[in-house]
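The lines below spell out each chain.
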Amino acid sequence: MPPVPPPYDINLDLGELVVPEDVLQARILELGRQITEDYQGRPPLLVGVLKGAFVFMADLARAIDLPVEFDFMAVSSYGAATKTSGVVRIVKDLDLDLTDRHVLIVEDIVDSGLTLSYLRKNLLARNPASLEICALLVREGNAATEVDLRYVAFRIPPAFVVGYGLDVAERYRNLPFVCVYNEKVAGH
Ligand code: 5GP
C-alpha cells in the first residue's frame with residue numbers, strides 16, 4: 001500500500017493508505033446509485049451510528065437521489081465485556097419512531113460485528129417495514145459474527161485504521177482518506 005500523501009505524511013503515526021480519497025468517493029457514488037435503485041418507491045430512513053459514521057453518511061446521503069430522512073444513534077461499550085459479549089449501551093437513542101419505515105443503518109467499520117448484531121436486534125423490535133445495513137468498511141480475517149450486510153463499500157486488511165470519520169482519541173476523523181494507524185510510533 002502507498003504512504004499517505006503530503007501534507008498528512010508529517011504525522012508519523014499515520015501508516016499506509018488503505019483507501020485513497022478518489023477511490024472512496026467513486027465507490028460512494030456507486031453505492032448511492034445502487035441504493036437509489038433499490039429503494040425506489042420506499043425512501044429510506046438513514047440511521048447513522050455516531051460518531052464514526054457521520055462523514056460517510058453525509059457523502060452517501062448526497063449520492064442518493066431520493067427524499068431520504070435522517071436519524072442518529074450513539075452507542076458505547078459496557079466496559080471490557082463488550083468486545084466479547086456484544087452488549088452495548090445506547091447513549092443516544094433515535095428521535096424518530098421506526099414503525100413502517102425503511103431503515104438503513106449506516107456504520108463506519110465492522111470488526112467482530114457484535115455492535116451491529118446488537119443494533120439490528122434492537123431496531124428490529126421497533127417494527128420497521130425493512131431493516132438493512134450499509135457499512136463503509138469490513139475488516140477481513142476476523143471471525144465476524146454473522147451479520148447480514150446489505151451494502152459494503154470496502155473490505156480491508158486486518159490493521160487498525162483512522163480517517164474519514166474513524167478516530168483515535170477523537171483525532172483524525174477529518175482525514176479525507178482511510179489509512180493505517182501506527183500504534184508503535186504513537187507510543188500507545
Ligand atoms: P465490532 O462491534 O464490530 O467489533 O466493532 C465495531 C466498532 O469498533 C466500530 O464502530 C468502531 O467504533 C470500532 N473500531 C473497530 N475497528 C476500528 C478501527 O480500525 N479503527 C477505529 N478508529 N475504530 C474501530
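For the structure itself, consult the block above.
Residues numbered from 1 in each chain as written. Predicted model: local features only at pLDDT ≥ 70, side-chain atom pairs only at ≥ 80, totals over all residues. Heavy atoms only, no water.

## Things to note about the site of the ligand
The immediate surroundings of the ligand are formed by 15 residues, with S112, G113, T115, R139 and V161 found nearest. Between the ligand and V161, the relevant distance is 2.7 Å, taken from a nitrogen atom to a main-chain nitrogen or oxygen of the residue. Here a nitrogen atom of the ligand and a backbone polar atom of D167 are 2.8 Å apart. In isolation the ligand exposes 510 Å². Once the protein is present, 83% of that is buried. Looking at the shell around the ligand, the elements that each hand over two or more residues are β5 (102-110) and α4 (114-124). (Near = heavy atom within 4 Å. Polar contact = N/O pair within 3.5 Å; in protein donor to acceptor, adjacent residues only side chain to side chain. Areas by Shrake-Rupley, 256 points an atom, 1.4 Å probe, with all protein chains shown as cover. Helix = DSSP H or I, 4+ residues; strand = E, 2+ residues; numbered from the N terminus.)

## Structural notes on unusual backbone geometry
Geometrically, the link from P6 to P7 is a cis peptide bond, its omega value of 5° lying close to zero. Structurally, P7 is set in the segment before β1 (14-19). Cis geometry marks the peptide bond from L50 to K51; its omega dihedral reads -5°. Within the secondary structure, K51 is located in the loop between β2 (44-50) and α2 (54-62). One non-glycine residue, Y164, lies in positive phi territory at about 50°. We note that E170 has phi near 75°; this positive angle belongs to a residue other than glycine.

## Describing the sheet that holds strand β9 (residues 178-181)
Taken in spatial order, the 3 strands of this open sheet run β1-β9-β8, and their pairing is antiparallel. Each having just a single partner strand, β1 and β8 (161-162) make up the two edges of the open sheet. Sheet topology note: the β8/β9 ladder contains 2 bridges and is antiparallel. If you follow V161 over to β9, its bridge partner there is V180. (Pairing = 2+ DSSP bridges.)

## Let's talk about the pattern of salt bridges
A full pass over the atoms with the stated rule returns 11 salt bridges. A salt bridge links D93 to R126; the shortest N-O distance between them is 3.0 Å. Note that D93 is positioned in the loop between β4 (88-92) and β5 and R126 in the loop between α4 and β6 (130-139), a separation of 33 residues in sequence. Looking at D93, the relative accessible area reads 34%, which means it is partly exposed. D167 serves as the salt-bridge partner of R173, at 3.4 Å between the closest nitrogen and oxygen. Relative accessible area serves as the criterion here: at 13%, R173 is assigned to the buried category. Accessibility expressed as a relative area gives 21% for D167, which makes it partly exposed. Bridged by salt links that share partners, the residues K51, D167, E170 and R173 form one connected network. (Salt bridge = Lys/Arg side-chain N within 4 Å of Asp/Glu carboxyl O. Buried < 20%, exposed > 50% of the residue type's maximum accessible area, 1.4 Å probe, protein only.)

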